[in-house]
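Architecture and fold: a report
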Amino acid sequence: MTLNAEEIADHPALHRCVRMQALAMNQAYQANPRLSSVFATQQRWLMAHIGLALHFRRDPGDYRKEATAARIIDAIRQHQVASRNTADAFIKEMLHYFIEVVPADEDARIRPVQPTRSSLEEVLGWMLAHLQTLDGLDGANRLSLFLARSDALARLQPLVADGLLSSHPVREPKQTFSLFTWLNNGGAVMDWLISGIDPDHAGQDRIPTVVVSIGDFVGWLKLSRTHLARKLRDAEEMGSIGWLGQRGQSVMWVSRDFYNEYMTAQAVKLAIIDAAFAEAFGTQADR
């Protein structure tokens, strides 16, 4: 059986496994900040998954089913992820470094797009990190099964996209988590906070992080100091974060509720990926 969100959330190894996952996400961001920015907000993350799913589900023998910019924009609107103008601006931005136009053989007016090699490597790294987390929870071998198949990403990613887009907890995250999902590189901010937390401290009301100044975020993530400070102040007013001493000059803490929101969101996402894995490969990894 696949792991459901409740089982994952209650698993005693979740905190350590997710911390390793957050570290992997941080490393990916450091290696290529521009590509990682594709997933900078929840909205961009979902739009990227929609485009990737259309690419992997395209029919090379039928030019009418190619993944064109117009089809991606329509799918984004159908899933109510963004307006047409926002989706169009996103596609145009992605054409600079994430996707490329592919000439169509049958009709020159049809301009399919496809992910660049480097962008697929980024998506592959994201998938591998999450499969490794799942394996760390139950000792299964999803990662090795995935790596053994050349078509693994093409089979799995569209099903993951379906699950993400149909999940109410994903689309409507809880209060503090939602605050950061709309911040540019907000996911990276949360990953950095969580990666610096000792899982043994997870039960504290105020959980210390390794962050000691807003400048730490600004320099590493290339964020607007003013915008980030405003979001952090909002989170502070909600009681989700704070400082052990003077604001911005001492260790930042996160509340147990915020930490649990993050872990719950990870559990939901991991359950979606596990269900998609089972559907994609028709068999369960050995446990």
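Details of the structure are given in the entry above.
Residues numbered from 1 in each chain as written. Predicted model: local features only at pLDDT ≥ 70, side-chain atom pairs only at ≥ 80, totals over all residues. Heavy atoms only, no water.

Examining the packing of helix α7 (residues 117–138) against helix α15 (residues 256–281)
Interhelical geometry of α7 versus α15 gives an angle of 95 degrees and a closest axis separation of 10 Å. On the basis of their axis angle, the class for α7 and α15 is roughly perpendicular. Seen from α7, the contacting residues are Trp126, Met127, His130, Leu131, Thr133 and Leu134; seen from α15, they are Gln266, Lys269, Leu270, Ile273, Asp274 and Phe277. Counted by class, the contact of α7 with α15 contains seven nonpolar, three polar and two charged residues. (Axes fitted to C-alpha atoms, helices over the stretch in contact; angles between N-to-C directions. Helix = DSSP H or I, 4+ residues; strand = E, 2+ residues; numbered from the N terminus. Parallel < 35°, antiparallel > 145°, perpendicular 65-115°, else oblique. Contact = heavy atoms within 4.5 Å. Nonpolar A, V, L, I, M, F, W, Y, C, P; charged D, E, K, R; others polar.)

A few points about the pairing of strand β5 (residues 252–255)
Because side chains alternate across β5, one face comprises the buried residues Met252 and Val254, and the other comprises Trp253 and Ser255, equally buried. Of the pairings in the sheet, the one linking strand β3 (residues 206–208) to β5 comprises three bridges and is antiparallel in character. Residue pairing for β5: Pro208 is matched across the bridge by Trp253. Taken together, the three bridges between strand β4 (residues 241–243) and β5 define a ladder with antiparallel strand orientation. Across the sheet, Gly242 pairs through a bridge with Trp253, a residue of β5. (Buried < 20%, exposed > 50% of the residue type's maximum accessible area, 1.4 Å probe, protein only. Pairing = 2+ DSSP bridges.)

Observations regarding the environment of Ala229
Its place among the elements puts Ala229 in helix α14 (residues 225–237). Residue Ala229 is classed as partly exposed on the basis of its relative accessible area, which comes to 27%. The sequence separation of Ala229 and Val218 amounts to 11 residues, and the corresponding C-alpha distance is 9.5 Å.

Details of unusual backbone geometry
A positive phi angle, close to 55 degrees, is found at Gln80, a residue other than glycine. Within the fold, Gln80 resides in the loop between α5 (69–78) and α6 (84–94).

Points about α7
Look at α7: 32 Å from first C-alpha to last across 22 residues, which is about the 32 Å you get at 1.5 Å a residue. Three or more residues of α7 are buried, namely Ser119, Glu122, Val123, Trp126, Met127, Ala129, His130, Leu131, Thr133, Leu134, Asp135 and Leu137. Within two residues after α7, Gly139 carries a phi angle of roughly 75 degrees, on the positive side. (Expected span 1.5 Å × (residues − 1).)

Notes on the layout of surface pockets
Roughly 770 Å³ of internal volume is contained in the largest pocket. Lining the largest pocket are 35 residues; nearest its centre among them are Trp45, Gly187, Asp191, Gln266 and Lys269. For the lining of the largest pocket, the elements supplying multiple residues, two or more each, are α2 (14–31), α4 (42–56), α7, α10 (168–171), α11 (175–181), α12 (186–195) and α15. Split by residue class, the lining of the largest pocket holds 17 nonpolar, 12 polar and six charged. (1 Å grid on protein atoms, 1.4 Å probe; cavity = no way out; pocket = protein on both sides within 12 Å on 5 of 7 lines; lining within 4 Å. Points joined across faces, edges and corners; volume = space filled by probe spheres on them.)

Topic: the nonpolar core
Across soluble globular proteins, you tend to see nonpolar side chains buried next to one another. One finds Ile8, Met127, Leu131, Phe146, Leu156 and Phe217 to be the most contacted residues of the largest nonpolar core, which totals 90 residues. Apart from the residues lying within four places of it in its own chain, the contact partners of Leu131 are Arg142, Leu143, Phe146, Leu156, Ile273 and Phe277. (Core = buried A, V, L, I, M, F, W, Y, C linked by side-chain atoms within 4.5 Å.)

Some words on the side chain of Glu122
By the element assignment, Glu122 lies in helix α7. Setting aside residues up to four positions removed in sequence, Glu122 forms contacts with Ala28, Asn32, Leu35, Ser36 and Phe39.

Overview of the environment of Pro173
Turning to its location among the elements, Pro173 is positioned in the loop between α10 and α11. Considered as a pair, Pro173 and Asp59 are 114 residues apart in the sequence and their alpha carbons are 34 Å apart. Residues within four places of Pro173 in sequence aside, it is in contact with Gln42, Ser178 and Thr181.

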